[in-house]
Amino acid sequence: MSLCLVIDDMHPSLPEYLQPLGIELHYRPDLKAAEVPAALAAHPYEGLLVRSKLRITTQLLAHGPHLRYVGRAGAGVDNIDEEALAAAGVTLLNAPEGNRDAVGEFAVGLLLALFRNIVRADGEVRAEAWHREANRGEEIGGKTIGLLGYGHMGKAFAKRLQAFDCTVLAYDHDSGVESNHHATLVSLPELQARAEVLSIHIPYSPANHHFVNHEFLTGFRNPLWLLNTARGEVLNHAALVEGLQNGQVRGAALDVLENEKLATLLPEQQARFDYLRAAPNVVLTPHVGGWSFQSYARINEVLARKIREFLAR
């Protein structure tokens, strides 16, 4: 029997997927991050399943000498030092296929909310104000939508945009990314020359830190509507606020922020957040793009399949 430590809440279907593989689960979502090293050292765990509670580092891996794989229940792996895993001979398994549909649908919802002033209008009607002309909105049809990144999430969004009779362009720095009929792969200069909407779908990495910055945004020919369902740190929020103030950015819908622990905002972060939450052309949600009842269960299916394939090598 192979042992696997689970340190975050998972959908309750996990045992039914992993027990037939000969895996005994030690389900410990109650563990605080500081308690994980000791827990990891207490048993010869071959697997560790995480969400985002914990950073996986060289120091942590030293407490799990028997580890063979780390499973990330979700898409983003910015909390995991992949070089440290490689050095320790530990395989990383993640599950972007599990929540890509949720993200794709949510991005459509954000775009509609932004274009049609849904959030603002809802608040006004609740306050017994009826402003039709002030809430006249834009249609997606006829627009050119630019996707920054064309992996699982970008492809899921592009697929859903097909119903709107719009043009979808995508740029990805990875030359190995495959195109499909939902979007046209273009160079970054072409994306900047043609896009009216920019939707961010790149993962966070040190190389992608503030990839979308002042220089990047001012490189677009058209004033932009901006969506971010990826990671807050890939977007320079100072550049975003500046763009909103000068009209380079017509509106923004953000499911992620530069610092999502709102009680710990630094003074400059607080000033930017105060501007964003007061702006009538900004929609904010609490990192729930990939968080649906269906994706919660589907992530287990994807992880279990990848663990089974890994163990069969």
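All of these numbers come straight from a predicted model, not from anything done at the bench.

Scanning all chains against the criterion turns up five aromatic pairs. The interplanar angle of 55 degrees and the centroid separation of 5.2 Å between the aromatic rings of Trp291 and Tyr296 together place this pair among those described as tilted. Aromatic ring contacts, followed pair by pair, group Phe211, Phe216 and Phe220 into a single cluster.

Quick look at the packing of helix 5 (residues 96-115) against helix 7 (residues 152-161) now. Interhelical geometry of helix 5 versus helix 7 gives an angle of 50 degrees and a closest axis separation of 8 Å. It follows that helix 5 is oblique to helix 7 by the angle criterion. Seen from above, helix 5 lies across helix 7 with right-handed handedness. Contact residues: Pro96, Glu97, Asn99, Arg100, Asp101, Val103, Gly104, Glu105, Ala107, Val108 and Leu111 in helix 5; His152, Met153, Ala156, Phe157, Arg160 and Leu161 in helix 7. Class assignment for the residues of the contact of helix 5 with helix 7 results in nine nonpolar, three polar and five charged.

Scanning the entire structure with this criterion turns up two cavities of 30 Å³ or more. What the largest cavity holds in volume is close to 50 Å³. Lining the largest cavity, in full, are His237, Leu257, Glu258, Asn259, Leu265, Gln269, Arg272, Phe273 and Leu276. Of all the elements, helix 11 (residues 267-278) adds the most residues to the lining of the largest cavity, at four residues.

What follows is about the domain arrangement of the protein. What the domain assignment reports for the protein is domain 1 (2-98 + 293-312) and domain 2 (139-280). Counting residues at the interface gives six residues for domain 1 and four residues for domain 2. Counting the surface lost from both domain 1 and domain 2, the interface buries some 410 Å², and carbon and sulfur atoms represent 57% of this. Among the residues of domain 1 in contact with domain 2, Asp78, Pro96 and Glu97 are the three that bury the most area, contributing 79% of the side total. Remark: the boundary between domain 1 and domain 2 carries one salt bridge. Between the two partners, domain 1 and domain 2, sit one residue pair in polar contact (both at pLDDT 80 or more). When its residues are assigned to classes, the side of domain 1 that touches domain 2 shows two nonpolar, one polar and three charged.

A few words on the layout of surface pockets. The computed volume of the second largest pocket comes to approximately 260 Å³. What lines the second largest pocket is a set of 20 residues, among which Arg120, Pro280, Asn281, Val282 and Val283 lie closest to the centre. For the lining of the second largest pocket, the secondary structure elements donating two or more residues are helix 5, helix 6 (118-126), helix 11 and strand 12 (282-284). Residue classes in the lining of the second largest pocket are distributed as 12 nonpolar, three polar and five charged.

Taking the UniProt record as the reference, the feature "domain: D-isomer specific 2-hydroxyacid dehydrogenase NAD-binding" (unreviewed entry) is found at residues 108-289. Between the C-alpha atoms that bound residues 108-289 there is a distance of 10 Å. The span itself is 34% helix and 16% strand.

Time to look at the pairing of strand 6 (residues 144-148). Burial analysis of strand 6 places five of its five residues in the buried class, the great majority of the element. Pairing of strand 6 with strand 7 (residues 167-171), which is carried by five bridges, proceeds in the parallel orientation. Within strand 7, the position partnered with Gly146 by the bridge is Leu169. One crossover worth recording links strand 6 to the parallel strand 7 by way of helix 7, and it is right-handed. The sheet contact formed by strand 6 and strand 9 (residues 197-200) spans four bridges and is parallel. Considered in strand 9, the bridge of Gly146 is made with Leu198.

Core analysis: the largest hydrophobic core is formed by 32 residues, its most contacted members being Ile200 and Leu226. Looking at this core, the elements with two or more residues in it are strand 7, helix 8 (188-194), strand 9, helix 9 (214-218), strand 10 (224-228), helix 10 (237-246), strand 11 (249-254) and helix 11. No other element matches the four residues that helix 10 contributes to this core. Beyond its immediate chain neighbours, meaning those up to four positions away, Ile200 contacts Leu148, Val212, Leu226, Leu227, Asn228, Thr229, Ala230, Val234 and Leu235. Counting residues in hydrophobic clusters, the runner-up holds 24 residues, among them Leu110, Ile145, Val177 and Ala183.

Rules of the game
- Residues numbered from 1 in each chain as written.
- Predicted model: local features only at pLDDT ≥ 70, side-chain atom pairs only at ≥ 80, totals over all residues.
- Heavy atoms only, no water.
- Phe/Tyr/Trp six-rings, centres within 6.5 Å; stacked < 30°, edge-to-face > 60°.
- Axes fitted to C-alpha atoms, helices over the stretch in contact; angles between N-to-C directions.
- Helix = DSSP H or I, 4+ residues; strand = E, 2+ residues; numbered from the N terminus.
- Parallel < 35°, antiparallel > 145°, perpendicular 65-115°, else oblique.
- Left-handed = near helix turned anticlockwise from the far one by under 90°.
- Contact = heavy atoms within 4.5 Å.
- Nonpolar A, V, L, I, M, F, W, Y, C, P; charged D, E, K, R; others polar.
- 1 Å grid on protein atoms, 1.4 Å probe; cavity = no way out; pocket = protein on both sides within 12 Å on 5 of 7 lines; lining within 4 Å.
- Points joined across faces, edges and corners; volume = space filled by probe spheres on them.
- Domains from an automatic or database assignment.
- Buried area = accessible area lost by both parts, 1.4 Å probe.
- Salt bridge = Lys/Arg side-chain N within 4 Å of Asp/Glu carboxyl O.
- Polar contact = N/O pair within 3.5 Å; in protein donor to acceptor, adjacent residues only side chain to side chain.
- UniProt positions renumbered as here; feature names shortened; annotations may be inferred.
- Buried < 20%, exposed > 50% of the residue type's maximum accessible area, 1.4 Å probe, protein only.
- Pairing = 2+ DSSP bridges.
- Right-handed = clockwise from strand over helix to strand, strands pointing away.
- Core = buried A, V, L, I, M, F, W, Y, C linked by side-chain atoms within 4.5 Å.

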